Each structure stands twice: as C-alpha cells, then as structure tokens.
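Understanding the architecture of this molecule
The chain contents come next:
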2 protein chains.
Amino acid sequence: MNEQVKIIKGNLIFTKTSNKFEVIEHGYLVYTDNQIQGVYQVLPPDYAPLPVEDYGSRLIIPGFSDLHIHAPQFSFRGLGMDMELLEWLETNTFPEEAKFQDPAYAKKAYEIFVDSLRRGVTTRACVFATVHRASTLLLMDLLEASGLVTFTGKVNMDRNCPDYLCEETQESAEETLEWIKDVKHRHYRNTKPILTPRFIPSCSDELLEKIKMLQLRYALPVQSHLSENPGEIAWVQELCPESEFYGDAYDRYGLFGADCRTVMAHCVHSDEREIARMKENGVYIAHCPESNMNLSSGIAPVRTFLDQGLHVGIGSDVAGGSADFLFRAMAHAIQASKLRWRLADDSLRPLTASEVFYMASKGGGSFFGKTGSFEPEYEMDAVVLDDKRLGHPQEMDVQQRLERMIYLADDREVYAKYAAGKKIL
Amino acid sequence: MNEQVKIIKGNLIFTKTSNKFEVIEHGYLVYTDNQIQGVYQVLPPDYAPLPVEDYGSRLIIPGFSDLHIHAPQFSFRGLGMDMELLEWLETNTFPEEAKFQDPAYAKKAYEIFVDSLRRGVTTRACVFATVHRASTLLLMDLLEASGLVTFTGKVNMDRNCPDYLCEETQESAEETLEWIKDVKHRHYRNTKPILTPRFIPSCSDELLEKIKMLQLRYALPVQSHLSENPGEIAWVQELCPESEFYGDAYDRYGLFGADCRTVMAHCVHSDEREIARMKENGVYIAHCPESNMNLSSGIAPVRTFLDQGLHVGIGSDVAGGSADFLFRAMAHAIQASKLRWRLADDSLRPLTASEVFYMASKGGGSFFGKTGSFEPEYEMDAVVLDDKRLGHPQEMDVQQRLERMIYLADDREVYAKYAAGKKIL
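All of the points below concern the structure found in this document. This one's a predicted model, so the numbers in the text were calculated from it and none came from an experiment.

So, on to the overall build of chain A. When helices and strands are tallied, chain A shows 13 helices and 17 strands. Here the C-alpha radius of gyration of chain A, 21 Å, is about what a compact globule of 425 residues would show, namely 22 Å. In chain A, which comprises 425 residues, the share counted as buried stands at 67%. Sequence separation of at least 24 residues holds for 75% of the intrachain contacts in chain A that already meet a minimum separation of 6. In the structure as shown, chain A presents an accessible area of about 14300 Å², 47% of it carried by carbon and sulfur atoms.

This is the structure:
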C-alpha cells in the first residue's frame, strides 16, 4: 500500500463527455501525489484503513482551465466598456499595460490579480502578461507561489501600438529569449512559459519568424487572438494580403497548431476555411463570451466547433470580460448561444450546462494534458463547493445544485481547492 | 429648524437624465422624514449644527426599482434553463408555484426571497406572488417587515394552466377582491396591492373584465407580461383574433395604461403599433435582459423605447433571470444591447452605463412616484456601497468606481440601505 495515497469524500460531479454529468453522491476520490486513482461509491477494501478528508454534502468538481486571461488588465475590469476592440486597446489597454514597466506597480496589480484567481474556481490558466520581462517574471513568481498551474507569456508587439509600449523587432525577440532563460533558471513547478505574439496587427512578419525560431528551439506552446472583430479581420487582410484568412497569417509562420500546441482566443467570425484549418492543426479555441458581448464583437459559433470536433475551452478574457470567476463565463456562454440561436442562426442549438462544464473542465483542460476530469490517471485538480449560503426551500439533487451554481455562485462558495495534487485553498 | 432633518455624507452619484451621471464627491444628502431636501457640496449654514452620518469615501446611490420579479420562483433560479417560455412554465414554474398553497412552504421560501432582496441594491419592486391568497398575504407581511417598498400581486389565471393551479373565473375574481380587502385591513406602510393577470394565455376575457372592475373600484395599478416570445405572441393572436396586437388584448379590457398605471414585462418583440400604443397609454416597460437570454426570447429594442420617450425600467425577472441583484441586470442590459447592435440592427446604438443606471433608478422608479433620484422632493431611497473588497492598483474616480461595480459588485458591497426614509440595512 502506497503511503502517498490520499482520499477526499463528497458529492463528486464531473463530465467525461460533453453531453452528461457523472455524479457520485457521497463518493470517494482517491489520488496519489498528482494522479487520480479513481472515484468510488464504496471505498475499495485496500483503501479502508486510510484517513479520509470528508467534505460532507459539499460538491467536489474538477478544477477549471481559463484558456485566456490578461493579468495586467485585471485592474480595469468593468471599466471603459463603451468601445469596440481596436479603440478599446488604444484607449484603455495600452496605457494601463504601459504602467507595468514599473515593477512596483506590477507587484501591486499582480498581487490583486493572483489573489482573485486563487480564490475562484480556476486551477489552470493561459495568462497574458505585458511586453515587460521583469514584471512578467514577477507575475510568474506570484502565480507559482499561489499553487495555480499556468502557461504565462511575455507579450510580443513591434508595430501598430503606441511608442511607449512598442518593441523593436530584434529587441522583442531578444527579450523573449532572455525571459525564457530566466524562467528556466527559476525551476518553477507549475508555471510554464508560453509564446505570446499579441495578434497579427501588433506583430511584423519578421517578428513572427523570430518567435517561430524560439518556439522550435524550446518547444513552447503559443497563445494569441483570432477573428474577434470584423474591423480587426479586415485590418489583418490589409496587413497580410497574401494570407488566405486570418488564421492563415499565423499558420504561414508555423504559429497555428500542427507542430506547436496553440490556443487562439475568440474565433467569433472564423469562416469555414479557418475552422477547417483549426481542426486540421489541432488548434484550441478559447471561447470568451463575456468579452465578446462587452466589446460588441459578436457570438462565436461554438455549436459548430463542438459538432466538428474542435478543441474548445472557456476563457474569461479579463478585461474584455469583467469576471475571472469561470462559472460566470459558463453562464455567459449558455446565454450567448441562446441569443445567437434566436437572432442569427436557429440551426445551431444553444449550449447546455453539461457542455459548458465540459468545455471549462476536461475540454479546455486537455490543453494542459490530462486535467479537468476525475477519470483515472488525470491530474489532481479539484474544487470543493459549499452552497449553504444559497438557501432553497425545496429538495435539490447534486446536479441541480451544481447547475444553479453556474448562475449563482461566487468565490464565497469555494470552500477548498486542489491544483496539481496540492491543496492550495 | 425642523428637528426631523437628517444628513448623510459620502460620494453621491445619481442620474437626473439618462445621458450623464451627477457626481458630488464627499457631498451631503439632506432629507426630512421621507423627502429629500437637497444635495450639497458644502453644507448650508442652517444645517451645520446637525449631526452627520458620515460614510467616508463610500458611494451613495439612489435605490433601484426592480420592475418585475416573481417571488415564488426565487427557489429555482438558475435551474431548468434549457427551455423556452411556454415549456418552462409547464415544466418548472407551475409545479413550483403550486407548492405555495401550503403556507408553511411559502413562509420558508418567501423568507429566503425577502432576505436576499433586502440585502441587495433594490429598494422598490413590482412583485408577482402566486394565485394563493394566504401565501400572498404572508409574502406581503414579510416585505412590509423588511422595509422594502413594493407593489405585490396575487396572480390571476383561469385557463391554459394545470388543474392544480387553475382558478375558476368567478373564484379568481372573488379571491382577488378578498385579498384586496385583507390588504386594506393590514394598513401596510410600504406594501401595496397590484392587479396581476398572469398573461393573456392564462386569463379569459371574462376574467379580464372582472379584473378591470376591481381596478376601477380600487384604483389599483396593473402588472403583466407582454410580447416575450414568438410562440407566445402567435398563441395570443389565436386566443384573441379580434386584437390588433398582443398589447391590444389587454387594452380592450382597460388593462394597458391610460386610466390605470401599468407595467408590462419584456416587450422583446413589440411591433410599431404596440410601441405606439404603449407610448400613448403611458405603459411602463420592465426590460428583463437576463431572462430574455435564459429563455431564448431575444433582445428588446430598448434604444427605440428610449428614443421614443417611453417609460423603461429594469426587471430581474427571477426566475427567468437568475439574479435579483439589479447591477447584474444592468450589465446584462448593456451586453444584450451590444449583441443586438452586432447581430440584428446596427442602427440602434448600444446602451451606456448612465442609461441603464437611469433606467434602474429614476426611470423605473417613477412607477412608484418621485423615487430613484437625489433631486429635491424625491423620496429618500439610498444605497451605500463599499467597494474596498474590489482592490485596484490605480487611481479611480467616483464614476469609474460606480461603473465597474455594475459588473463586479454583489451584496457584499451593500453597506447600508434606506427605503422610504428608513434605514433598513
């Protein structure tokens, strides 16, 4: 008997597939170090002598992966919501991100960000920092200390941005190389680098080439933005007349899946060719419904992505989105899909609770490997939810309690949290 | 000097018109009993000797009016969100509402509802109960005890609903009469009756006639539902082939503004004739954006309503909406208007923060009289907000602090609350 075996007990609920919830009432979740051994209604005799952390009637769900969030934008979430993407970047985002040149400011801002993420339902995230190497490392130090598991990226941008934030092409590549080396020296357990060219309008061809060289040399994953806004898409076509479609402008430089793990945020207006290429290349989509509402971008055809078997996860996209609490993004995903069905295309059925749960857990979680489920061999990420604040007069089963928490819960319901085998809250 | 004069101090923010916020930093709000005397940057000398309740740097806003909420549905908010209106009524709503025949169940459920409403940003509300007289009175007792100001209605329905909930026509009218008499005997200060025919499909012509007689006899206001869902609208046309449009089916019985104050929830699919009649008759619209997302109803053309000078307020429509916290409904109103702009009609500009604030405060508040503003002679409803939980690294002015609370705040930010001149929290 391995003495590292640990057991927690509670109302387990998770998804193996997107179409239904698996529920084990008052079940046992057995794990060793960072690997789940299994879930059981009745504890196998071998485990019987071991101590059990009993969470009573609370719910236990897998941790969620936030596939797209901007750490420096957390400070102005909920503000300046009366613009579309490109104006919003110029007016709100770039001036705020420029402040992160100052490590003291970055420390203050990033502490608030990391603390909020730690207290929510997210255990893993793909995080944008800014162009600044020092403050990106500071963010990564804080994330590592939190126990959260992340891919975090220093942003690259060498054109079409204000002078105070714009990098020289060579400088951008060199700083990124130095940042990668810095990260290696820090030997983080849970905090990994990800290449982060902001989006095509901010990155010259030459810069994309240099980023690809770093990608090959260090076998790093990539995150960026794709087909969020019609004005942006038209601009990309002007900037890259040779590209067949927006995503092709990344693909021409080898930064669009295939040989490198890639997640693209939004994909609101992806056409058939782009969708086909994402599928072919195994590109992950970070669906960011609240951001797509707030910046008037539109509603992504998630049902199409799911039907065609693409990888789709959920992103909060703070500060396009206001809420880093991922249940909120899941509710927005369902709501947006209903409005798309009513207003734009009633051939695409709205999303269901189990589908958005799957996207936030196992679907998006697979970007990190085997995470987001309680199946054997999955990593041990779990969130314990206590819904006693949310009073109700009637009986409610476990699935109902979870479904309403998608709409009603906030960080007060997060009772305990495990990420990569460690209890972090 | 009237010794009843009271003064509170803080960062005052409110709207006189929908296009901008009025801000008085560290200002004084002076009121007598239930009437606001004025707001001042510098306290007039006459008031100088009086004690001041100083809320420091906290924000003070007028109370909000929730123009449409179903008290018995609070128990299943966030549940059963995968249906459109008519199926949702049959599957979720009617079975739950039937339970309110039992006063013990009603007490348990309504205590949870009233407690939540009391802790939020709402000071006034138009509330649907159920068909049951006893439990409606019980709800009104609880609302009165809370200090909230409401119009609360016993529901009428005599057709197209399950036997276990359906009233006989005569019984429905008689029970409503008895209920009105009961309410009169209770001499509530803040809790008033409102006639509540559920919607046209649930109310026979004969019942509407009888309700109009009660309306005339007791000069009561009216609340109901209008043009929420395409299937519902088609059904109304079948049921009332003589009506020119849905709203006309109420108007033919004198239950659509003009000589009786009326609020209609939704108006998602109101056509030009219906909009013109609402304007002519002074009908209030309760815009319920979250409900209209959750039940796939669509998005109401609020910009059109505002441009044409109709009365528009905000409704949470629990449990079509999941959140009774009205900031959430305001965020949803902005978000929905952006999606409508993008997906359906880009001639209708999205709503702004000041517009939804106005709708939730002074706009909808005028259904109750002079409420929802800090102008002289307005009733004294105010909410004190403490945003210290919502950390930020940068400077922020009062308007920014308010704007982001529309997206970020929950009941933890509600520090104190006044309704009709009394401190109720």
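Residues and elements named next belong to chain A. Where helix 11 (residues 326–343) meets helix 13 (residues 398–408), the closest approach of the two axes is 7 Å, and the angle between their N-to-C directions is 95 degrees. Considered as vectors, helix 11 and helix 13 are oriented roughly perpendicular to each other. Listed contacts from helix 13 to F327, R328, M330, A331, I334 and Q335 of helix 11 are L402, M405, I406 and Y407. Classifying every residue of the contact of helix 11 with helix 13 by side-chain character gives eight nonpolar, one polar and one charged.

Turning to the sheet that holds strand 3 (residues 35–40) of chain B, a few remarks are in order. Residues and elements named next belong to chain B. Read from one edge to the other, the open sheet built from seven strands follows the order 3-2-1-4-15-16-17, with strand pairing classed as mixed. The two strands at the open ends of the sheet, each matched to only one other strand, are strand 3 and strand 17 (422–423). Bridge count for strand 1 (residues 5–17) against strand 2 (residues 20–32) is ten bridges, and the pairing is antiparallel. When the sheet's bridge partners are listed, F14 is paired in strand 2 with E22. Against the sheet, helix 13 (residues 398–408) engages strand 1, strand 2, strand 4 (53–62) and strand 15 (382–385), with an angle of about 55 degrees to strand 4.

Attention now goes to the relation of the copies chain B and chain A. Expressed as a screw operation, the relation of chain B to chain A combines 0.0 Å of axial shift with a rotation of 180 degrees, fitting to an RMSD of 0.0 Å. When the rotation and shift are considered jointly, the pair of chain copies conforms to a two-fold rotation axis. Among all C-alpha atoms of chain B, that of L343(B) lies closest to the rotation axis, at 3.3 Å. Interface residue correspondence from chain B to chain A reaches 100%, placing this contact among same-surface, isologous pairings.

Compared with the 26 Å implied by 1.5 Å per residue over 18 residues, the 25 Å span of helix 11 of chain A between its first and last C-alpha is a close match. Among the 18 residues that make up helix 11 of chain A, 16 are buried, leaving the element largely enclosed by the rest of the structure.

We now examine the side chain of S270(A). Among the secondary structure elements, S270(A) is positioned in the loop between strand 12 (262–266) and helix 8 (272–281). If we skip the residues at most four places from it in the chain, S270(A) touches L226(A), S227(A), I275(A) and M278(A).

The peptide bond linking V318(A) to A319(A) adopts the cis configuration, its omega dihedral lying at 10 degrees. Mapped onto the elements of the fold, A319(A) is located in the loop between strand 14 (311–314) and helix 11. In this structure, H26(B) takes a positive phi of about 45 degrees despite not being glycine. The exposure class of H26(B) is partly exposed, given its relative accessible area of 39%. For D33(B), which is not glycine, the phi torsion reads 50 degrees and is therefore positive.

Turning to helix 2 (residues 103–119) of chain A, a few remarks are in order. All names here are of chain A. The first and last C-alpha atoms of helix 2 sit 24 Å apart over 17 residues, in line with the 24 Å expected at 1.5 Å per residue. Buried residues of helix 2: Y105, A106, A109, Y110, F113, V114, S116 and L117, and no others. Summarising the contacts, the buried residues of helix 2 are in contact with strand 5 (64–70), helix 1 (85–98), strand 6 (122–128), helix 3 (133–146) and strand 16 (414–419). Put simply, D102 is the residue that caps the front of helix 2, since its side-chain oxygen is 2.9 Å from the backbone nitrogen of A104.

Attention shifts here to the packing of aromatic side chains. For the structure shown, the criterion picks out 36 aromatic pairs over all chains. Residues Y40(B) and Y47(B) carry aromatic rings whose centres are separated by 6.0 Å and whose planes lie at 50 degrees to one another, so their mutual orientation is tilted. Note on F367(B) and F368(B): the rings are 6.0 Å apart at their centroids and 80 degrees apart in plane angle, and the pair reads as edge-to-face. The rings of F21(A), F64(A), F325(A), F327(A) and F357(A) are connected pair by pair, giving a single aromatic cluster. Of note, R58(A) hangs over the ring of Y415(A), and the distance from its end group to the ring centre comes to 3.8 Å. The ring of F367(B) carries the charged tip of R261(B) above its face, separated from the ring centre by 5.5 Å.

Basis of the calculations
Here the residue numbers are simple positions, counted from 1 along each chain's written sequence. Ligands are numbered from 1 and chains lettered from A, in the order in which they are written. At least 70 in pLDDT is required for a residue's local features to be given in this predicted model, at least 80 for side-chain atom pairs to be given and counted, and no such filter applies to totals for whole chains, interfaces and linings, which use all residues. Excluded from the side-chain calculations are hydrogens and water; all other atoms, namely the structure's heavy atoms, are used. For the purposes of this entry, the term helix denotes a DSSP run of H or I that reaches at least four residues, the term strand denotes a run of E that reaches at least two, and both are numbered from the N terminus. Put simply, the radius of gyration uses C-alpha atoms, and a globule should come to 2.2 Å times the residue count raised to 0.38. Residue exposure (1.4 Å probe, protein chains only): buried if accessible area is under 20% of the type maximum, exposed if over 50%, otherwise partly exposed. Any two residues whose heavy atoms approach within 4.5 Å at even a single point are treated as in contact. Using the Shrake-Rupley algorithm and a 1.4 Å probe, accessible areas are obtained, with residue cover drawn only from the displayed protein chains. Only the contacting stretch of a helix is used when fitting its axis, a line to C-alpha atoms as for every element, and angles between N-to-C directions run 0 to 180 degrees. Comment on the angle field: the value is read as roughly parallel under 35 degrees, roughly antiparallel over 145, roughly perpendicular from 65 to 115, and oblique elsewhere. By the convention adopted, Pro, Cys, Tyr, Trp, Phe, Met, Ile, Leu, Val and Ala count as nonpolar, Lys, Arg, Asp and Glu as charged, and the other residues, Gly among them, as polar. Here a strand pair is declared whenever DSSP counts at least two bridges between the two strands. Here the copies are superposed with least squares, the fitted atoms being C-alpha atoms of residues at a pLDDT of at least 70 in both. One less than the residue count of a helix, multiplied by 1.5 Å, gives the span that helix is expected to have. Here a polar contact means two N or O atoms within 3.5 Å. Within protein one must be a hydrogen donor candidate and the other an acceptor candidate, and residues neighboring in sequence count only if both atoms are side-chain atoms. Two rings from Phe, Tyr or Trp (for Trp, the six-membered ring) form a pair when their centres are within 6.5 Å of each other. A pair whose planes differ by under 30 degrees is stacked, one over 60 is edge-to-face, and the rest are tilted. Only lysine NZ and arginine CZ atoms are considered, and such an atom sits over a ring when it is within 6 Å of the ring centre and within 35 degrees of the ring normal.

Remember, this is a structural readout, not a statement about activity or role.
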